[in-house]
Amino acid sequence: MNTSVVGRFAPSPSGYMHMGNLLAMLLAWLDCRSLGGELIFRLEDLDPARSKPVYSEALAADLHWLGLDWDRGWPEEDYAQSKRTALYEEAFALLRERGLVYPCWCSRSERLAAASAPQPGEAEHDRRCRCARLSLDEQATRLQSGRPPAWKLRCPDAQIAVEDGHYGRFIQNPAREVGDCIVRRADGVFAYQLAVSVDDLRMGVTRVVRGRDLLASAPRQKWLIETLGGTAPVYCHAPLLIDGGGKLSKRLGSLSTQALRAELSPEALLGRLAFLCGLRERDEPASARELLADFSWDRVKTEDIRIE
Ligand code: GLU
């Protein structure tokens, strides 16, 4: 094994996986295994209200069923985000010391949305709200007032470039294009951007393969990891599967693995995913090992893939 290459599966147990999640998992597996790397399974169960043990079990069982194996991870100690709060606290304290986070008392619905990965096209809260401009004294007075704030990251007002392994150079000014993101909710729960950056850093992840909807998060994550003293992984985003309503969503239960497993063999499902993303010319059964034999990102489509 080439231990200088570390990849990860990072599913959220907020529903059963669907074809789009499975495609991202397959590509993460092929990418990591084709480089001889080590693969981690990290359970992204940050949001206690939406994470359910039944889904965690199902995610792992689906990956086993497909023959997509990993080397370490959940349910071993320390591979679930819900158990990693001390590490997030540490990073948060460092950011706070450096004036890179500020308390925000803006609306509650926005705070709740912050713990999940952003949906495509979803702006993360307002660009820079009035809370960003409060002086330290004003902050202190409000902090004593009792109503707990959410905490936002003061995103850099600078062009951050990410060399995506599949989509090429992606440049973003986080402060202007996406705005400050919540890193800790008012109820104390850490949010996606902070947790994922800390985890990728602390787990030594060198390759991140996931859906293209998260490309817009990569510059912030790269910047956060570097700010915390680490080296950012290579990001390699995967095309999305879309249906008439847009990106497939676990929340809508579209094409869930539960339904797919009742109809298809693992090889039939993998072969279909490989066909849909461009790795195979025909929709024919193939095992994960067979797909690995001639895997190349060059054949993976960049445009999103429409399925009915
Ligand atoms: N947990 C996220 C999801 O299931 C993926 C986060 C990531 O890969 O950075 O959509």
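Placed above this text is the structure.
1. Focus on the overall build of the chain
Argument step 1. For the chain, the helix and strand inventory stands at 11 helices and 13 strands.
Argument step 2. Computed over C-alpha atoms, the radius of gyration of the chain comes to 20 Å, within 12% of the 19 Å expected from 2.2 N^0.38 for 308 residues, which places it in the range of a compact globule.
Argument step 3. With the C-alpha coordinates of the chain rotated into their principal frame, the extents come out at 65 × 40 × 35 Å.
Argument step 4. A buried classification covers 55% of the 308 residues belonging to the chain.
Argument step 5. Long-range pairs, those at least 24 residues apart, make up 78% of the contacts in the chain with a sequence separation of at least 6.
Argument step 6. Here the chain displays about 13500 Å² of accessible surface, and carbon together with sulfur accounts for 50% of that area.
Argument step 7. In the chain, 41 side chains carry a positive charge and 43 a negative one; their mean positions are 5 Å apart.

2. Remarks on the site of the ligand
Argument step 1. Around the ligand, the neighbouring residues are Arg8, Ala10, Pro11, Ser12, Glu44, Tyr192, Val196, Arg210 and Leu214.
Argument step 2. Contacts to the ligand include glutamate 44, whose side-chain N or O atom sits 2.6 Å from a nitrogen atom.
Argument step 3. In this structure, an oxygen atom belonging to the ligand sits 2.8 Å away from a side-chain N or O atom of arginine 210.
Argument step 4. Considering the ligand on its own, with 300 Å² of exposed area, one finds that the protein chains cover 83% of that surface.
Argument step 5. Counted by class, the shell around the ligand contains 5 nonpolar, 1 polar and 3 charged residues.

3. Quick look at the sheet that holds strand β5 (residues 150–153)
Argument step 1. One open sheet holds the 3 strands; their spatial order is β4-β5-β8, and the pairing between them is antiparallel. Among the strands making up the open sheet, the edge pair consists of β4 (101–104) and β8 (182–184). Each adjacent strand pair in this sheet contributes to an overall mean axis angle of 45°, direction not counted.
Argument step 2. Pairing analysis gives 2 bridges linking β5 to β8, with the strands arranged antiparallel. Within β8, the position partnered with lysine 152 by the bridge is isoleucine 182.

4. Observations concerning unusual backbone geometry
Most peptide bonds take the trans configuration, and most residues that are not glycine carry a negative phi.
Argument step 1. The omega angle of the peptide bond from tryptophan 74 to proline 75 is 5°, so this bond is cis rather than trans.
Argument step 2. In this structure, proline 75 sits in the loop between β3 (72–73) and α3 (85–97).
Argument step 3. Backbone geometry places aspartate 78, a non-glycine residue, at a positive phi of 70°.
Argument step 4. As for its position among the elements, aspartate 78 is in the loop between β3 and α3.
Argument step 5. For aspartate 78, a relative accessible area of 43% gives the class partly exposed.

5. Details of the pattern of salt bridges
Argument step 1. Throughout the structure, instances matching the rule amount to 21 salt bridges.
Argument step 2. Across the pair glutamate 163 and arginine 169 runs a salt bridge, and its minimum N-O distance is 2.6 Å.
Argument step 3. For glutamate 284, the salt bridge identified is with arginine 282, shortest N-O distance 3.3 Å.
Argument step 4. Of the residues examined, arginine 282 reaches a relative accessible area of 53% and is grouped as exposed.
Argument step 5. Each member of the salt-bridge network shares a partner with another, and the members are Arg8, Arg42, Glu44, Arg84, Asp199 and Asp200.

6. Let's talk about the sheet that holds strand β13 (residues 305–306)
Argument step 1. In space, the 3 strands of this open sheet follow the order β12-β11-β13, with mixed pairing throughout. The open sheet has two free edges, formed respectively by β12 (246–247) and β13, since each of these has just one partner strand.

7. Observations concerning the packing of aromatic side chains
Argument step 1. By the definition in use, this model includes 8 aromatic pairs.
Argument step 2. With 4.7 Å between their ring centres and 35° between their planes, phenylalanine 41 and tryptophan 70 make a pair best called tilted. Of the two residues, phenylalanine 41 is situated in strand β2 (residues 38–41) and tryptophan 70 in the loop between α2 (53–66) and β3; the sequence distance between them amounts to 29 residues. Tryptophan 70 carries the same exposure label as phenylalanine 41, and that label is buried.
Argument step 3. It is arginine 184 that lies over the ring of phenylalanine 92; its NZ or CZ is 5.2 Å from the centre.

8. As for the state of the cysteines
Argument step 1. Within the structure shown, the criterion is met by 0 disulfides.
Argument step 2. Among the cysteines around cysteine 32, which has no disulfide bond, cysteine 236 carries the closest sulfur, lying 12 Å off.
Argument step 3. Free of any disulfide, cysteine 131 has its nearest neighbouring cysteine sulfur in cysteine 104, separated by 4.0 Å.

9. Overview of the nonpolar core
Argument step 1. Ranked by internal contacts, the top residues of the largest apolar core, which has 58 residues, are Phe9, Leu27, Leu30, Phe41 and Leu68.
Argument step 2. With 10 residues, helix α1 (residues 19–34) is the single largest residue contributor to this core.
Argument step 3. Setting aside residues up to four positions removed in sequence, leucine 68 forms contacts with Phe9, Met25, Leu26, Trp29, Leu63 and Ala288.

What counts as what
Residues numbered from 1 in each chain as written. Predicted model: local features only at pLDDT ≥ 70, side-chain atom pairs only at ≥ 80, totals over all residues. Heavy atoms only, no water. Helix = DSSP H or I, 4+ residues; strand = E, 2+ residues; numbered from the N terminus. Rg over C-alpha atoms; globule rule 2.2 N^0.38 Å. Buried < 20%, exposed > 50% of the residue type's maximum accessible area, 1.4 Å probe, protein only. Contact = heavy atoms within 4.5 Å. Areas by Shrake-Rupley, 256 points an atom, 1.4 Å probe, with all protein chains shown as cover. Lys, Arg positive; Asp, Glu negative; His and termini not counted. Charge placed at Lys NZ, Arg CZ, Asp CG, Glu CD. Near = heavy atom within 4 Å. Polar contact = N/O pair within 3.5 Å; in protein donor to acceptor, adjacent residues only side chain to side chain. Nonpolar A, V, L, I, M, F, W, Y, C, P; charged D, E, K, R; others polar. Pairing = 2+ DSSP bridges. Axes fitted to C-alpha atoms, helices over the stretch in contact; angles between N-to-C directions. Salt bridge = Lys/Arg side-chain N within 4 Å of Asp/Glu carboxyl O. Phe/Tyr/Trp six-rings, centres within 6.5 Å; stacked < 30°, edge-to-face > 60°. Lys NZ or Arg CZ within 6 Å of the ring centre and 35° of its normal. Disulfide = S-S within 2.5 Å. Core = buried A, V, L, I, M, F, W, Y, C linked by side-chain atoms within 4.5 Å.

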